[in-house]
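An overview of the molecular structure
So the chains spell out like this:
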Amino acid sequence: MCLAIPGRIIEVVDVGNRLARVDVAGVQRNVNIGLLDSGGGVGPGDWVLIHVGFALSQVDEEEAEATLELLKGMGAEYEQELEELKGSLIE
């Protein structure tokens, strides 16, 4: 199963390549935020939905927290997605 997981942007680490450091349930990774440039872009403090290293959409904090709670209730699938995120690396 593939999930899009909410994460909060900590900082933009590479403006040219549109990479930002995000925190997803305590796991910090770089993701590409370029897909969100047309809507005004995103920056530190913003919540985004992440899938396979890309921020797909911006969400508000309430929606992000509700989604995280729902995902936690999925158990093994959510834990697997977090483990895959821990193992991913975008530099």
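For the structure, see preceding data.
This write-up is about the structure you can find in this document. (Residues numbered from 1 in each chain as written. Predicted model: local features only at pLDDT ≥ 70, side-chain atom pairs only at ≥ 80, totals over all residues. Heavy atoms only, no water.)

The subject of this paragraph is the overall build of the protein chain. Within the protein chain, the regular secondary structure consists of 2 helices and 5 strands. Reading the protein chain from its N terminus to its C terminus gives the helix and strand order β-β-β-β-β-α-α. In terms of C-alpha radius of gyration, the protein chain reaches 12 Å, essentially the compact-globule figure of 12 Å for 91 residues. Expressed along its principal axes, the backbone C-alpha trace of the protein chain runs to roughly 35 × 25 × 20 Å. With 91 residues in all, the protein chain has 37% of them scored as buried. Of all intrachain contacts in the protein chain linking residues separated by at least 6 positions in sequence, the fraction that spans at least 24 positions is 46%. Per element, the accessible surface of the protein chain, about 5,100 Å² overall, is 51% carbon and sulfur. Computed over 6 positive and 17 negative side-chain charges, the separation of the two mean positions in the protein chain equals 6 Å. (Helix = DSSP H or I, 4+ residues; strand = E, 2+ residues; numbered from the N terminus. Rg over C-alpha atoms; globule rule 2.2 N^0.38 Å. Buried < 20%, exposed > 50% of the residue type's maximum accessible area, 1.4 Å probe, protein only. Contact = heavy atoms within 4.5 Å. Areas by Shrake-Rupley, 256 points an atom, 1.4 Å probe, with all protein chains shown as cover. Lys, Arg positive; Asp, Glu negative; His and termini not counted. Charge placed at Lys NZ, Arg CZ, Asp CG, Glu CD.)

Once their charged atoms are close, side chains differing in charge can pair, the charge on each being opposite to the other. Counted under the stated rule, the structure contains 3 salt bridges. A salt bridge links glutamate 61 to arginine 8, with the nearest nitrogen and oxygen atoms 3.5 Å apart. Taken together, the residues span a long stretch of sequence, with glutamate 61 in helix H1 (residues 61-72) and arginine 8 in strand S1 (residues 5-14) at a distance of 53 residues. Given a relative accessible area of 31%, arginine 8 falls into the partly exposed group. Here lysine 72 and glutamate 69 are joined by a salt bridge, their closest N and O atoms 3.5 Å apart. Of the two residues, lysine 72 and glutamate 69 both sit in helix H1, 3 residues apart, roughly one turn of that helix. Looking at lysine 72, the relative accessible area reads 46%, which means it is partly exposed. (Salt bridge = Lys/Arg side-chain N within 4 Å of Asp/Glu carboxyl O.)

Glancing now at the nonpolar core. Among the nonpolar cores identified, the biggest contains 23 residues, and Ile5, Ile9, Val24, Ile33 and Val48 are the most heavily contacted of them. Residues in contact with isoleucine 33, not counting those within four places in the same chain, are Ile9, Val12, Arg18, Ala20, Val42 and Ala55. (Core = buried A, V, L, I, M, F, W, Y, C linked by side-chain atoms within 4.5 Å.)

Let us look at the environment of alanine 25. As for its placement among the helices and strands, alanine 25 is situated in the loop between strand S2 (19-24) and strand S3 (27-32). Accessibility expressed as a relative area gives 45% for alanine 25, which makes it partly exposed. Along the backbone, alanine 25 and leucine 82 are 57 residues apart, and their C-alpha atoms lie at a distance of 8.2 Å. Setting aside anything within four residues of it in sequence, one finds alanine 25 in contact with Tyr78 and Leu82.

Moving on: a nonpolar patch on the surface. A contiguous nonpolar surface patch, about 390 Å² in accessible area, is contributed by Leu35, Val52, Phe54 and Leu56. By the element assignment, leucine 56 lies in strand S5 (residues 54-59). Look at leucine 56 and you get partly exposed, because its relative accessible area is 43%. (Patch = residues over 30% accessible without salt bridge, like charges linked within 9 Å, V, L, I, M, F, W, Y side chains within 5 Å.)

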